[in-house]
Every structure is written in structure tokens, then in C-alpha cells.
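Coordinate analysis (summary)
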Amino acid sequence: MYRESFYQFLMTQRNPDGADEVEQFANNAFFDSAFPKQSQDFDELSHYLEENADYLPAMTIFDTAWQRYLEKMN
């Protein structure tokens, strides 16, 4: 069964005018050329974001986005 990467899912959340934290995360991740675009792995993504994503003000935003991703995949 095909499962899209977290990045592919996140791009569906983009909204340049949105105030939602996940939308803002998606907008910023779009411009992050080093984002692990093929990953479906929570640990890999969370490590990358903790080390590199100064555009993400709180990891709880990633947690919320990850939860939405899991819900969509199930």
C-alpha cells in the first residue's frame, strides 16, 4: 500500500494566509531545501527539526502535524 511521506502530507497543509500553526510550519518547510522529503519516520523527522528548523517555534506544532498525518494515513 502506498503511503505518502510526511513532507507530501505537510504540503497539503500550506496556506500562505493561514494563522494555524501547522499551516505556518508547512509554509516554512516548503522553503527548507534540506527537509527530509521522503521520510515517514517520526524519529528521523523530529531529530532533523530539533537540529535544523529554526522556523519551528515549538516541537508541539510538529506533534500536531504528525497526528494529522497519522489520521490521514489510517
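Right above here is the structure, for reference.
Here's what I pulled together on the structure shown here. As the structure is a computational prediction, the values presented were derived from the model and not from experiment. Residue numbers run consecutively from 1 along every chain, following the written order of its sequence. Residue-level local features of this predicted model are given only where pLDDT is at least 70; pairs of side-chain atoms are given and counted only at 80 or more, and the full residue set underlies all totals for whole chains, interfaces and linings. The side-chain numbers reported here are obtained from all heavy atoms of the structure, hydrogens and water having been left aside.

Another aspect to go through is the side chain of Asn 27. Turning to its location among the elements, Asn 27 is positioned in helix 2 (residues 21–30). Between two residues, a contact is recorded if the distance between any of their heavy atoms is within 4.5 Å. Non-local contacts of Asn 27, meaning those with residues more than four positions away in its chain, are made with Arg 14, Asn 15 and Pro 16. A run of DSSP states H or I qualifies as a helix once it reaches four residues; a run of E qualifies as a strand once it reaches two. Both are numbered from the N-terminal end.

Salt bridges are defined by distance alone: a side-chain nitrogen of Lys or Arg within 4 Å of a carboxyl oxygen of Asp or Glu. By the definition in use, this model includes two salt bridges. A salt bridge links Arg 68 to Asp 20; the nearest nitrogen and oxygen atoms lie 3.5 Å apart. Linking Arg 68 in helix 4 (residues 59–73) with Asp 20 in the loop between helix 1 (6–11) and helix 2, this pair joins segments that are 48 residues apart in sequence.

Below, the discussion takes up the side chain of Asp 32. In this fold, Asp 32 is placed in the loop between helix 2 and helix 3 (42–52). For the purposes of these results, a polar contact is taken to be a pair of N or O atoms within 3.5 Å, where, inside protein, one atom must be able to donate a hydrogen and its partner to accept one; residues adjacent in sequence count only when each atom of the pair is a side-chain atom. Of the polar contacts made by the side chain of Asp 32, one reaches the backbone nitrogen of Ala 34; its length is 3.1 Å. Not counting residues up to four positions away in its chain, the partners in contact with Asp 32 are Lys 37, Tyr 48 and Tyr 55.

Owing to its 3.6 residues per turn, the α-helix brings residues three or four apart onto one side. For the exposure calls, accessible area comes from a 1.4 Å probe over protein chains only, and a residue counts as buried if that area is under 20% of its type's maximum, exposed if over 50%, partly exposed in between. Buried within helix 2 are the following residues: Val 22, Glu 23, Phe 25, Ala 26, Asn 27 and Ala 29. Buried residues along helix 2 sit against helix 1, helix 3 and helix 4.

The subject of this paragraph is the environment of Pro 16. Take Pro 16: it is sitting in the loop between helix 1 and helix 2. Taking relative accessible area as the criterion, Pro 16 reaches 64% and is therefore assigned exposed. Between the C-alpha atoms of Pro 16 and Asn 28, which are twelve residues apart in sequence, the distance is 9.5 Å. The contact partners of Pro 16, leaving out residues within four places of it in the chain, are Gln 24 and Asn 27.

All right, on to the packing of helix 2 against helix 4 then. Every angle, taken between N-to-C directions, lies between 0 and 180 degrees, and every axis is a line fitted to C-alpha atoms, over only the stretch in contact when it is a helix. Running from N to C, helix 2 and helix 4 point in directions that differ by 95 degrees, and their axes come no closer than 9 Å. In terms of orientation, helix 2 lies roughly perpendicular with respect to helix 4. Contact residues: Glu 21, Val 22 and Phe 25 in helix 2; Ile 61, Phe 62, Thr 64, Ala 65 and Arg 68 in helix 4. Classes in brief: Ala, Val, Leu, Ile, Met, Phe, Trp, Tyr, Cys and Pro nonpolar; Asp, Glu, Lys and Arg charged; the others, Gly included, polar. A breakdown of the residues in the contact of helix 2 with helix 4 according to their chemical character gives five nonpolar, one polar and two charged. Angles below 35 degrees are treated as roughly parallel, those above 145 as roughly antiparallel, those between 65 and 115 as roughly perpendicular, and all remaining angles as oblique.

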